[in-house]
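Summary of structural features
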Amino acid sequence: GGPPPPPPLHSNDNLPGDANPAFATLRKKFDDEGWFRRDPLKEAAVLGTTLGLYAIGWFLANSHPILAACSIGLGMQQAGWLAHDYIHGRGNWCSMMRGFGSLTNGFSTEWWQHKHNMHHSFTNIDGRDGDIKLEPLYFLQSPEVTGRPDNPGFRRWQHWYGYPLYAFTYVLWRRHSLVSAIQRKDKKELALLAVHYGWLFGCLPLSVAISSVLLGGFLVGALVTATHQTEEIMFEQAGEFVDIQFRSTREADVDGLERWLWGGMDTQLVHHLFPTMPRYRHHAARPIIQRWAAEHGYDFRISTAKEIIEKNWTHLKEMAGVKIPAHI
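Throughout what follows, the structure given in this document is the object of discussion. Keep in mind that what you see is a predicted model, and the values were worked out from it rather than measured.

Parameters at a glance
Residues numbered from 1 in each chain as written. Predicted model: local features only at pLDDT ≥ 70, side-chain atom pairs only at ≥ 80, totals over all residues. Heavy atoms only, no water. Helix = DSSP H or I, 4+ residues; strand = E, 2+ residues; numbered from the N terminus. Contact = heavy atoms within 4.5 Å. Areas by Shrake-Rupley, 256 points an atom, 1.4 Å probe, with all protein chains shown as cover. Core = buried A, V, L, I, M, F, W, Y, C linked by side-chain atoms within 4.5 Å. Buried < 20%, exposed > 50% of the residue type's maximum accessible area, 1.4 Å probe, protein only. Salt bridge = Lys/Arg side-chain N within 4 Å of Asp/Glu carboxyl O. Axes fitted to C-alpha atoms, helices over the stretch in contact; angles between N-to-C directions. Parallel < 35°, antiparallel > 145°, perpendicular 65-115°, else oblique. Left-handed = near helix turned anticlockwise from the far one by under 90°. 1 Å grid on protein atoms, 1.4 Å probe; cavity = no way out; pocket = protein on both sides within 12 Å on 5 of 7 lines; lining within 4 Å. Points joined across faces, edges and corners; volume = space filled by probe spheres on them. Nonpolar A, V, L, I, M, F, W, Y, C, P; charged D, E, K, R; others polar. Patch = residues over 30% accessible without salt bridge, like charges linked within 9 Å, V, L, I, M, F, W, Y side chains within 5 Å. Expected span 1.5 Å × (residues − 1).

Turning next to the overall build of the protein chain. The helix and strand tally for the protein chain stands at 17 helices and two strands. Taking all contacts inside the protein chain whose residues are at least 6 apart in sequence as the whole, residues at least 24 apart take part in 72%. Looking at the protein chain as shown, the accessible area adds up to about 15500 Å², and 64% of this sits on carbon and sulfur atoms.

Pasting the structure below:
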């Protein structure tokens with residue numbers, strides 16, 4: 001009697017996809033071949049690049065404020081991707097680095113992990129995945145479909161203000177992080193946040209500090225949900241884990257500097273299927289997963305970055321033009 005209990009949140013110990021024997025076999029293959037192991041040199045390279053951007057920006061902050069804001073803003077974007085890697089990763093190194101997002105970007109690890117676990121466990125499931133419930137600023141679905149209040153004053157312009165507004169992504173996450181850490185009285189996290197804000201506002205000119213946060217937020221906000229929010233949105237757990245990931249996620253086909261900018265968000269489907277696999281192994285794993293998907297009847301969706309951004313803008317424009325009956 002009664003509905004089945006919701007599946008537990010994804011964690012390092014609760015690996016998703018066990019209900020699918022073929023997928024479990026694929027994961028065992030990756031595990032046996034060492035795909036989940038971390039490479040110290042690659043870890044050092046990505047950490048060094050990220051901290052180097054902060055250091056260059058800090059060095060230039062007083063003499064070349066625009067260059068400084070660009071460097072630190074890029075660093076903040078990359079630090080966001082890296083903090084994401086550490087929270088998903090297994091082993092002593094990732095455990096030790098869990099506070100990296102607090103130190104570099106003012107993010108609460110605990111707040112963000114809960115939000116992100118819901119996204120992984122219930123990807124694109126309305127009412128569970130907070131990454132797709134963005135009203136009243138963004139309407140990814142018609143209010144007539146969701147039953148949530150409409151705001152036609154905002155909605156009709158969302159395709160125009162949508163991308164510029166992504167600049168406030170980090171501002172919003174920082175606010176949520178502070179509130180969460182204060183409410184939980186998390187002394188360790190509050191200490192890390194204090195160090196971060198002491199550096200941000202004590203060591204940098206105010207214009208550089210604010211510009212960096214806005215640039216970093218824009219570069220993350222414009223990419224972080226782009227591979228999900230134009231795909232299928234479901235209103236219940238309509239299928240098992242693997243099926244839902246393929247239906248709700250699209251990969252980006254990018255190379256070179258563009259791939260570096262995407263920071264692993266271009267391999268979102270690989271990441272959602274294997275959340276603890278290090279980011280730098282995703283592109284080698286992709287063709288193996290594509291072959292597996294073809295053999296088992298799954299649609300592995302992949303488009304260029306230009307196509308994905310255009311698809312997102314067009315979707316916002318379509319939702320902006322939806323005519324809603326007066327009673328909604």
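Having seen the model, we can carry on.
This brings us to the nonpolar core. F100, L200 and W262 are the most contacted members of the largest nonpolar core, which has 38 residues in total. At the level of elements, α2 (40–60), α3 (65–88), α6 (109–121), α10 (169–184), α11 (187–202), α12 (206–224) and α17 (305–320) are the ones that each hand at least two residues to this core. The leading source of residues in this core is α3, at nine residues. Among the nonpolar cores identified, the runner-up in size contains 20 residues, and L269, L273, A293 and F300 belong to it.

We now examine unusual backbone geometry. Not every positive phi belongs to a glycine, and K185 is a case in point at roughly 50°. By the secondary structure assignment, K185 is in the loop between α10 and α11. Given the relative accessible area of 65%, K185 is considered exposed.

As enumerated under the stated definition, the model contains 13 salt bridges in all. Where E33 meets K29, a salt bridge forms, and the shortest distance between an N and an O atom there is 2.9 Å. What makes E33 partly exposed here is its relative accessible area of 44%. In this structure K29 comes out as partly exposed when scored by relative accessible area, which is 33%.

Glancing now at the packing of α10 against α11. Look at α10 against α11: their axes get within 10 Å of each other, and the N-to-C directions meet at 140°. It follows from the interaxial angle that α10 and α11 lie oblique. As α10 packs across α11, the resulting crossing turns out to be left-handed. Mapping the contact onto sequence places R174, S177, L178, A181, I182 and R184 in α10 and E189, L190, L193, H196, Y197 and L200 in α11.

By the definition in use, this model includes two cavities of 30 Å³ or more. Taken as a whole, the largest cavity spans an internal volume of roughly 80 Å³. Considering the residues around the largest cavity, the lining is formed by 15 residues, among which D85, H271, P275, M277 and R279 are closest to the centre. Top element by residues in the lining of the largest cavity is α3. It accounts for three residues. Here the lining of the largest cavity is composed, by residue class, of four nonpolar, eight polar and three charged.

Below, the discussion takes up a nonpolar patch on the surface. On the surface, a cluster of nonpolar side chains totalling about 300 Å² of accessible area is made up of F201, L206 and I210. Along the chain, I210 falls in helix α12.

Here H282 shows up in helix α16 (residues 282–296). Each C-alpha atom, one on H282 and one on G264, is 7.8 Å from the other, the two residues being 18 residues apart in sequence. In contact with H282, not counting residues within four places along its chain, are G264, T267, V270, H271 and M277.

Turning our attention to the layout of surface pockets. Computed from the structure, the largest pocket encloses a volume of approximately 870 Å³. For the largest pocket, the lining is made up of 39 residues, of which K115, L134, T169, L172 and W173 are closest to its centre. Among the secondary structure elements, those contributing two or more residues to the lining of the largest pocket are α3, α5 (100–105), α6, α10, α12 and α15 (268–273). By residue number, the principal contributor to the lining of the largest pocket is α6, which donates six residues. Per-class residue counts for the lining of the largest pocket are 19 nonpolar, 15 polar and five charged.

Here the focus is α12. For α12, spanning 19 residues, the distance from its first C-alpha to its last is 27 Å, which sits close to the expected 27 Å at 1.5 Å a residue. Taken residue by residue, α12 has V208, A209, S212, V213, G216, G217, L219, V220, G221, A222 and L223 as its buried positions. Where α12 is buried, its residues contact α3, α9 (158–165), α10, α11, α14 (256–262) and α17.

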